[in-house]
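Close look at the chain arrangement
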Amino acid sequence: RAIATNFITGEPEAFREGSMTEALRASIAMPLFFTPVEKDRTLFVDGGLSNNLPADIVRDMGADIVIAVNVSSPLYKPEDIRNVIDIVDQAFGLQIHGNMKETEPLADIKLRPDLEGFVFVDFSRMTKILQRGEEEAEDHLDEIKKKTLEAGLTPRPHPPRPENKTPIIIESVDFDGLKIVSKRQMEREIRARRGEPMDVAVLTGDMKRLYATQLFDSVDYYLKHITGDHYCLIYKVKEASMVKLDAGIRYDNDHEFVALAELTTRQLFHSPTSLTFSSQFGGLEEYSATLRYTPSILPFLFVEAKGFASRRERLDFLDREQVDDYTEKRLVGQLMLGGTFWKQLEIAAGYSLEKVRIVGGVEGRSRPESESLGGFTLRFNRDSLDDREFPSRGMDLVLQADTKGRRFGGDFDYFKVRLELENYFSISEQSTLGINFMAGFAENDAPFYDRFYVGGYSFSKKGSYPQLGFDRDEILSDQVAVLGIQYRHRIYNPSLGFVKSAYLTTFLNTGVDQFLEGTGLHGAGVGLALNTMLGPGRITGGFGNGGRTHFYLTFGPEF
C-alpha cells in the first residue's frame, strides 16, 4: 500500500492497485516542494499530511504484528523558528504529529532511527540513512523475536527459484499520452528495442531520458500482453505545458539590479522547434526574439534566427584609473545553421549584421552615427556541467571565431577569436576544484567596442569577463588571457531552512594583457557563497595588482 492525501477533501487515500511509480510519486508529493499528482480527476499530495504512520491500514490488511518506523522530524523549539521556511515546516510538523497520535498506538513495535543531522532531501546520503535504520532495527531485534514467538509465528520458507524463467519479449513499443509531442521525436530518446528481452535497467534509463526532455510532468510504463511471452511496452506520459515563462532578478556591485523575463513556446509545428522572447533590463538591457527551427526528420540539426537590441553602460579607464563612462548601443540580426551532437556538443556557423552606436566617453570614443559590423561566425560549445550555479564536475567550453569585413556589409575588416573554459573536479563530498580560462585575440583593425572587456566579479553573461582585484571593464584589450583556479568547500549541509547550503571559497587568477610584451594581471579572493531558496548569493573580497582591494556582492542566478 501507498498512502497519499486527497488534496481536495483532505482525506487519506490508500493505493492498492495500478502503477506503483504513480502511487509512490503521489505519496511523497509534499506541497511547496513537489507538484501534486493528478489522478481520477483529483489531486494527491504527501500522505504524511493525513496519515504519516499508517499502522491502521496495515492492521486492517490482517497483519499479526505491526512494526512502525517513525522517521518524522521533531518539532521546532521556539528559539529555532527563525524564518518563513521554519514556520511552514513547523506547520507541516504539527499536522503530521497530530495524526500520528491516533495511529501510533496501533503498532506493536515502534522504531525511531536517530536521524539527527539529516533532512528529507538528503538523497545523496541515503546509504548512511539506511544504516541508521538498520541499527535501530538491530537494537529492537530481541523485542521483534519475542513478539513473533508470542504470536505463534514461524519463519516462512523461501519459495524455490524457477530454474528457467522465461523472459518477457518486447513485441512493440508505443506511447500513451502524446498530444503535441511527436512519437518519432520520443522514439529517439529510448533504448528499449523490439524483439529484445525486457531489461528493467534499460526502462529506468528510458524514463530518466524522457523526463529530462522537460516535456513531461510524469513518465511511467506498463505492459500490454500480445501473445505468449510477447508484450507491447507502453510508456505512459503526461505532457507539460509547452508555454514556459521564466523570470529572475540579480544584484551585483557592477550592474546593480538586473531583471530577466523570458517566454518560450516549445514544440512548434509538432517538432522540437521553439520561439523565445527575452527581456533583460536594469543595469544591463537586452531585448531579443529567437526562432530555433529543428526538423523532426533531422532532430540534431537546427536553423536559428535571432534579433536583439542591447544597451550597456561601460566604464572608461586610462592607466587603470576611471576617467569617464560611455553607453554602447547595439542592434543585431543573426542567422545560424548548426547541429547538436551527443546532447553536449553544439556546432554552429552563420552570418550576423550589427549596428553600433557609442554615446559619451573620452575624446575619440563617441560614435554618434551608427557603425556596421557584418561578417560570419563559427561557434563550438560543449556543456557537461552538473549544475549551473555550484557545479562539482563537468566542463563548459565555448570557442567562437568571427571574421568581419566590408564585403559582408560592415565598416571594418578584422578577425577575432575567443575561448572560454570552465572545468570542475569533485575532490570529496564537500570540496570542489575549478579551473577557468579565457583567451581572446582581435586584429588591430577591430573597433575598441568589439574587443575584450575584463574585470569585476559579475555573474552576467553580458558583462565583462570576471577578474578579481579589478573593476568591471578596467581591462580593454585586443589580446588578453586569464587563468583562474578556485576551491570551494561546503561548510553547511542542505536543510529545510532559507539557506540550503553554504561554501567557503578561495580564488587565484592571473593573466596577461597584450600577451608577450603585455602587463601581468594578478588577483586573488576569499569569500562566502550561499545556496538559498531564492537563489545563490556571494560575498567576496578581492585583491589585485599593487595591493588594491575590492569588495564584491552578488545575489541571484547567472544569466
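A few points on the structure. (Residues numbered from 1 in each chain as written. Predicted model: local features only at pLDDT ≥ 70, side-chain atom pairs only at ≥ 80, totals over all residues. Heavy atoms only, no water.)

Attention now goes to the overall build of the protein chain. The number of helices and strands found in the protein chain is eight helices and 27 strands. In the protein chain, buried positions account for 41% of the 559 residues. Taking the contacts inside the protein chain whose residues are at least 6 apart along the sequence as the reference set, 53% of them involve residues at least 24 apart. Accessible area for the protein chain stands at about 31,000 Å²; split by element, carbon and sulfur atoms hold 57% of it. (Helix = DSSP H or I, 4+ residues; strand = E, 2+ residues; numbered from the N terminus. Buried < 20%, exposed > 50% of the residue type's maximum accessible area, 1.4 Å probe, protein only. Contact = heavy atoms within 4.5 Å. Areas by Shrake-Rupley, 256 points an atom, 1.4 Å probe, with all protein chains shown as cover.)

Position of E187 among the secondary structure elements: in helix α7 (residues 183-187). Counting along the chain gives 23 residues from E187 to L210, while the straight-line C-alpha distance between them is 9.6 Å.

Glancing now at the nonpolar core. If you look at the biggest cluster of nonpolar residues, it comprises 20 residues, and the most contacted ones within it are I358, L373, F448, Y449, V454 and V480. Among the secondary structure elements, those contributing two or more residues to this core are β16 (345-360), β20 (431-442), β21 (452-454) and β23 (479-492). What V454 contacts, discounting residues up to four positions off in sequence, is M438, S464, Y465, Q467, D471, D473, E474, I475, V480 and V482. Grouped together as the second largest cluster of nonpolar side chains are 17 residues, L203, M207, L215 and M242 included. (Core = buried A, V, L, I, M, F, W, Y, C linked by side-chain atoms within 4.5 Å.)

With that out of the way, let us pick up the sheet that holds strand β3 (residues 37-39). Strand order in the open sheet formed by four strands is β2-β1-β4-β3, with antiparallel pairing between adjacent strands. Taken across any chain shown, the strands that pair with only one partner, and hence form the sheet edges, are β2 (12-15) and β3. On average, adjacent strands in this sheet sit at an angle of 45° to one another, irrespective of strand direction. Inspection of the sheet shows strand β1 (residues 2-6) paired to β2 by four bridges, in the antiparallel sense. When the sheet's bridge partners are listed, T5 is paired in β2 with P12. (Pairing = 2+ DSSP bridges. Axes fitted to C-alpha atoms, helices over the stretch in contact; angles between N-to-C directions.)

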